[in-house]
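Descriptive structure summary
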Amino acid sequence: MAGNGNENADGDFSFSAAAARDALPRITTEKGAKSADVCHDDTAPRVNFQTIDELHSLQKKRSAPTTPLKEGGGVVMGTSGPTTPSSGETMLQSVSASLASLTRETGPKLIRGDPTSAAKVAHVPHTPTSVPAADVSDSGLKFTHILHNLSPAELYEQAIKYEKGSFVTSTGALATLSGAKTGRSPKDKRVVKDETTASELWWGKGSPNIEMDEQTFLVNRERAVDYLNSLDKVFVNDQYLNWDPENRIKVRIVSARAYHSLFMHNMCIRPTPEELENFGTPDFTIYNAGKFPCNRYTHYMTSSTSVDINLERREMVILGTQYAGEMKKGLFGVMHYLMPKRKILSLHSGCNMGKEGDVALFFGLSGTGKTTLSTDHNRYLIGDDEHCWSDAGVSNIEGGCYAKCIDLSREKEPDIWNAIKFGTVLENVVFDEHTREVDYNDKSVTENTRAAYPIEYIPNSKIPCVGPHPKNVILLACDAFGVLPPISKLDLAQTMYHFISGYTALVAGTEEGVKEPRATFSACFGAAFIMLHPTKYAAMLAEKMQAQGATGWLVNTGWSGGSYGAGSRIKLAYTRKIIDAIHSGSLLNATYHKTEIFGLEIPNEVEGVPSEILEPMNAWEDKEAYKDTLLKLAGLFRNNFETFTSHKIGDDGKLTEEILAAGPNF
């Protein structure tokens with residue numbers, strides 16, 4: 001065999017000494033300044049570092065300026081990259097103003113960047129002044145480091161290094177814990193009642209708005225701000241709400257946890273670098289001091305948790321709960337107040353669009369399938385939860401999706417499954433300690449496990465998240481009684497009646513203390529988040545549906561063949577077939593028959609759906625039990641609607657009478 005080696009007696013090859021020398025890099029020696037021999041490998045490239053610290057400094061490349069620098073202007077380096085002095089200082093001054101105590105004239109001293117970083121950072125300038133000794137505090141003497149609009153990768157590092165319970169799962173998502181609270185705390189949410197809101201907002205029976213006075217709000221605000229200012233670092237997100245550029249809202253979120261910052265990075269609309277440079281003063285600010293409790297002795301406080309909104313100050317304070325959903329839904333409530341003032345209807349709904357531009361709205365509370373059904377790989381996703389309907393069409397309020405994860409599987413919900421990757425926040429899930437594979441069936445921490453991810457993670461999402469006027473308005477109800485049909489076509493009055501009623505079952509895990517489904521009514525399919533009286537939203541919806549010729553549908557995703565515990569949940573595959581028939585328009589040409597009591601129009605046939613479940617009574621073995629249960633539910637509807645009978649809808653009140661007549665008749 002040809003080669004440089006020789007075959008030995010054992011049949012192996014051995015190289016000669018000369019050949020071995022030729023195969024190695026050539027080493028030369030030189031005399032150093034102190035006559036020490038220094039070896040050089042002439043085959044290796046020269047390096048640009050002499051120490052390990054210099055090597056590490058080369059690992060991270062500085063970002064280029066996002067806007068051209070003014071002539072003669074310098075660059076102030078921060079850990080997030082360079083900015084112009086004007087933009088960097090403006091941002092810090094704006095954040096300092098946001099964190100200002102109401103009892104001191106100036107805000108805290110701020111530095112941009114991680115306190116553990118040795119890099120030079122920009123800081124907000126302070127002019128030395130003489131102040132009374134009584135106004136000086138330890139927190140006022142220290143600098144607070146601001147981590148402003150960090151990237152997901154940077155937030156991962158912060159969470160894993162500093163927040164116990166943060167892990168990277170096998171798919172790259174960030175698994176984290178929300179602490180003692182694993183759901184919203186609606187009984188601890190309060191709104192300041194002042195001269196304006198006293199007449200504008202919905203108060204009293206059935207209202208989610210629990211009042212507090214401004215003085216109590218300011219006490220809680222001071223407590224939250226003092227806590228945040230006492231920390232070495234806080235996270236600040238400057239982002240937007242509403243994809244409609246003419247009606248978007250600038251929001252600032254100040255928080256103590258990387259988990260919260262990444263959550264809101266995903267859920268709000270992310271500004272471009274150029275937009276961030278010119279962000280300016282926010283329209284609304286959240287102070288999330290959820291790791292710190294409120295003072296139980298403060299007026300109006302009933303627990304260590306308090307979520308407070310002041311619409312006049314455009315501020316929200318969170319104390320005593322680390323559940324990130326409080327921020328998302330708190331801002332949703334704010335949009336329910338601000339948007340109707342602009343003649344824009346705010347909606348607790350999912351929204352998608354077909355290839356031909358046909359838009360459908362999906363109304364429903366958590367657990368009704370709103371996220372699942374609006375996420376359809378055959379249609380473009382505009383959004384899964386919060387929307388606005390203006391004269392120009394629909395727009396998503398958010399920049400991400402917040403999906404329930406309990407019992408999640410690749411087969412049932414592939415789009416949501418595939419969206420759980422790097423950048424996604426997984427709340428309160430359980431995973432294998434070695435492989436980090438998530439067990440979505442495990443309820444050890446809570447049943448309310450969630451995934452928060454940017455809407456771009458859904459392959460068929462429509463960016464920007466806007467669309468034309470809806471053609472179909474789908475009301476989803478998880479009927480725990482099992483007497484509502486899987487699909488009903490509604491006239492305008494019936495649509496308003498069921499929209500105002502907002503019947504469903506409160507699914508386990510959505511709120512604290514709920515362990516199993518129970519029947520409930522939630523006005524506008526989101527009473528916990530609305531600010532105005534439900535009839536005001538209903539009137540706006542009726543006006544827009546009538547103007548655009550939209551059709552209303554009631555879809556039951558709950559039980560069939562019996563009530564909860566006896567019947568069975570309607571298969572998701574059947575519900576999808578029903579939704580497909582709505583989208584295709586085939587149900588508009590179907591033949592219908594009317595049910596007793598509720599007077600709902602039921603199609604005689606839907607392709608791919610067993611005809612025996614379309615008529616609820618046919619699926620029940622005990623017909624008498626069905627009739628008794630139907631009457632029971634009708635009575636619950638009637639009793640619930642008594643809250644709204646005194647409110648006139650429209651100028652002449654005629655629509656109010658039509659809506660009342662559209663309810664159950666018995």
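Everything numeric in this text was worked out from a predicted model, so none of it was measured. Along each chain, residue indices are assigned from 1 in the same order as the chain's sequence is written. Per-residue local features are limited, in this predicted model, to residues with pLDDT of at least 70; the limit for side-chain atom pairs, both in listing and counting, is 80 or more; totals at the level of whole chains, interfaces and linings are taken over all residues. The side-chain numbers reported here are obtained from all heavy atoms of the structure, hydrogens and water having been left aside.

1. Things to note about the overall build of the chain
Quick reminder of the rule: Helical segments are the DSSP runs of H or I of at least four residues, strand segments are the runs of E of at least two, and each set is numbered from the N terminus. Per-residue accessibility, obtained with a 1.4 Å probe over protein chains only, is compared with the maximum for each type, and a residue is labelled buried under 20%, exposed over 50%, and partly exposed between these values. Contact criterion: two residues are considered in contact whenever any of their non-hydrogen atoms come within 4.5 Å of each other. Per-residue and other accessible areas were derived by the Shrake-Rupley procedure at a 1.4 Å probe size, with only the shown protein chains allowed to occlude residues.
In terms of helices and strands, the chain carries 19 helices and 37 strands. When each of the 666 residues of the chain is scored for burial, the buried share is 53%. In the chain, once contacts between residues fewer than 6 apart in sequence are set aside, the share between residues at least 24 apart is 70%. In the form shown here, the chain has an accessible surface area of approximately 30600 Å², with 51% of it arising from carbon and sulfur atoms.

2. Describing the nonpolar core
As a reminder, the rule being used: For this analysis, a nonpolar core means a set of buried residues of the types Ala, Val, Leu, Ile, Met, Phe, Trp, Tyr and Cys, connected via side-chain atoms within 4.5 Å. Just so you know, the domain bounds were taken from an automatic or database domain assignment.
In terms of nonpolar packing, the biggest core is built from 122 residues, with Leu-426, Tyr-453 and Phe-499 touching the most fellow members. Per-element accounting of this core gives the leading share, seven residues, to helix α10 (residues 325–338). Residue-level mapping places this core at the junction of two domains, with at least three residues from each of domain 2 (183–255 + 276–321) and domain 3 (345–400 + 464–661). Of all hydrophobic cores here, the second largest spans 25 residues; its members include Leu-99, Val-225, Leu-231 and Cys-294.

3. Structural notes on the pattern of salt bridges
To be explicit about the condition: Any carboxyl oxygen of Asp or Glu that lies within 4 Å of a side-chain nitrogen of Lys or Arg is treated as forming a salt bridge with it.
A full pass over the atoms with the stated rule returns 16 salt bridges. Residues Arg-221 and Glu-315 are paired through a salt bridge, measuring 3.0 Å at the closest nitrogen-oxygen approach. Remark: Glu-315 occurs in strand β17 (residues 315–319) and Arg-221 occurs in helix α7 (residues 214–230); sequence separation between them is 94 residues. No difference in accessibility class separates Arg-221 from Glu-315, as the two residues are buried. The residue Lys-328 makes a salt bridge to Asp-385 at a minimum N-O spacing of 2.7 Å. Here Asp-385 lies in the loop between β20 (380–383) and β21 (386–390) and Lys-328 lies in helix α10, a separation of 57 residues in the sequence. Within this structure, Lys-328, Lys-329, Lys-370, Asp-385, Glu-386 and Glu-398 form a network of salt bridges that share partners.

4. Regarding the packing of aromatic side chains
Here is the rule we go by: Each pair of aromatic rings taken from Phe, Tyr and Trp, with Trp reduced to its six-membered ring, is defined by centres within 6.5 Å and is described as stacked if the planes are under 30 degrees apart, edge-to-face if over 60, and tilted in the remaining cases. Over a ring means this: the NZ of a Lys or the CZ of an Arg is within 6 Å of the ring centre and within 35 degrees of the ring normal.
By the definition in use, this model includes 18 aromatic pairs. A ring pair is formed by Tyr-240 and Phe-279, whose centres lie 5.5 Å apart and whose planes are at 50 degrees; its orientation type is tilted. Taken together, the residues span a long stretch of sequence, with Tyr-240 in strand β13 (residues 233–241) and Phe-279 in the loop between α9 (273–277) and β15 (284–289) at a distance of 39 residues. Residue Tyr-240 is classed as buried on the basis of its relative accessible area of 4%. On the basis of relative accessibility, which here comes to 3%, the residue Phe-279 falls in the buried class. Centre to centre, the rings of Tyr-497 and Phe-641 are 4.4 Å apart; their planes meet at 20 degrees, and the pair counts as stacked. Here Tyr-497, found in helix α13 (residues 492–501), pairs with Phe-641, found in helix α18 (residues 623–641); they are 144 residues apart in sequence, far enough to count as distant. Here Tyr-497 falls in the buried class, since its relative accessible area comes to 2%. Ring pairs connect the aromatic residues Trp-202, Tyr-497, Tyr-503, Phe-521, Phe-598, Phe-637, Phe-641 and Phe-644, which therefore count as one cluster. Stacked on the ring of Tyr-162, the Lys or Arg Lys-233 has its end atom at 3.5 Å from the ring centre.

5. Regarding the packing of helix α8 (residues 258–267) against α10
Worth spelling out the cut-off: Note on definitions: angles span 0 to 180 degrees between N-to-C directions of axes, and those axes are lines fitted to C-alpha atoms, for helices only across the stretch in contact. Each angle is binned into one of four classes, with values under 35 degrees roughly parallel, values over 145 roughly antiparallel, values of 65 to 115 roughly perpendicular, and all other values oblique. Crossings are sorted by hand: turned counterclockwise from the far helix by less than a right angle, the near helix makes the crossing left-handed, and turned clockwise it makes it right-handed.
Closest axis-to-axis distance for the α8/α10 pair is 10 Å, and the angle between their directions is 40 degrees. Taken together, the axes of α8 and α10 lie oblique to each other. For the pair α8 and α10, the sense of crossing is right-handed. Residues His-260, Phe-263, Met-264 and Met-267 of α8 lie in contact with α10, whose contacting residues are Gly-325, Met-327, Lys-328 and Leu-331.

6. Regarding unusual backbone geometry
Between Ile-463 and Pro-464 the backbone carries a cis peptide bond, its omega angle lying at 0 degrees. Locating Pro-464 in the fold gives a position in the loop between β27 (450–454) and β28 (466–467). Look at Phe-525: it is not a glycine, yet its phi comes out positive at around 55 degrees. In this structure, Phe-525 sits in the loop between β32 (518–521) and α14 (534–548).

7. Details of the sheet that holds β17
Which entries qualify depends on this criterion: If DSSP finds at least two bridges between two strands, the strands pair.
If you trace the nine strands from one edge of the open sheet to the other, you get β7-β8-β13-β14-β15-β17-β16-β11-β12, paired in mixed fashion. The open sheet is flanked by β7 (109–112) and β12 (210–212), the only strands paired with a single partner. Averaged over all neighbouring strand pairs, the angle between strand axes comes to 25 degrees, with direction disregarded. One ladder, built from five bridges, connects β15 with β17; its direction is parallel.

8. Describing a negative patch on the surface
Rules: Think of a patch as exposed residues, more than 30% relative accessible area, with no salt bridge, where like charges cluster within 9 Å and nonpolar side chains (Val, Leu, Ile, Met, Phe, Trp, Tyr) cluster within 5 Å. This count recognises Lys and Arg as positive and Asp and Glu as negative, with His and chain-terminal groups excluded. Throughout, a charge is located at the NZ atom of Lys, the CZ atom of Arg, the CG atom of Asp or the CD atom of Glu.
Residues Glu-621, Asp-622, Glu-624 and Asp-628 make up a contiguous surface patch of negative charge. Tracing the backbone through its elements, the reader meets Glu-624 in helix α18. The class of Glu-624 is exposed, set by a relative accessible area of 51%.

9. Considerations on the sheet that holds β27
Here five strands make up an open sheet; going across it, the order is β9-β10-β24-β27-β23 and the pairing mixed. The sheet is open, and its two edges are formed by β9 (167–168) and β23 (400–404), each paired on a single side. Note: β23 against β27, five bridges, orientation antiparallel. Its bridge partner lying in β27, Cys-401 is registered against Tyr-453.

10. Some points on the packing of α13 against α18
Running from N to C, α13 and α18 point in directions that differ by 80 degrees, and their axes come no closer than 10 Å. Comparing the axis directions of α13 and α18 gives the class roughly perpendicular. For the pair α13 and α18, contact is made by Tyr-497, His-498, Ile-500 and Ser-501 and by Phe-637, Arg-638, Asn-640 and Phe-641, respectively.

11. Points about α13
Short version of the rule: Whenever two N or O atoms come within 3.5 Å, that pair is a polar contact, provided that in protein one can donate a hydrogen and the other can accept it, and provided that, for residues adjacent in sequence, both atoms are side-chain atoms.
Among the ten residues that make up α13, nine are buried, leaving the element largely enclosed by the rest of the structure. Inspection of α13 places Ala-493, Gln-494, Thr-495, Met-496, Tyr-497, His-498, Phe-499, Ile-500 and Ser-501 among the buried residues, and these make up the whole buried set. For α13, the N-terminal capping position is held by Asp-491, with its side-chain oxygen 3.2 Å away from the main-chain nitrogen of Ala-493. Phi for Gly-502, located one or two positions after α13, is positive at around 60 degrees.

12. Examining the pairing of strand β33 (residues 551–556)
Burial analysis of β33 places six of its six residues in the buried class, the great majority of the element. The two faces of β33 match: Thr-551, Trp-553 and Val-555 on one face and Gly-552, Leu-554 and Asn-556 on the other face are all buried. Pairing analysis gives six bridges linking strand β29 (residues 470–477) to β33, with the strands arranged parallel. Opposite Ile-474, over in β33, you have Trp-553 as the bridge partner. Here strand β30 (residues 487–490) pairs with β33 via four bridges, running antiparallel.

13. Points about the side chain of His-260
Here His-260 shows up in helix α8. Among the residues examined, His-260 registers a relative accessible area of 2% and is labelled buried. Not counting the four nearest positions on each side in its chain, His-260 is found in contact with Ser-255, Asn-288, Gln-322, Ala-324 and Met-327.

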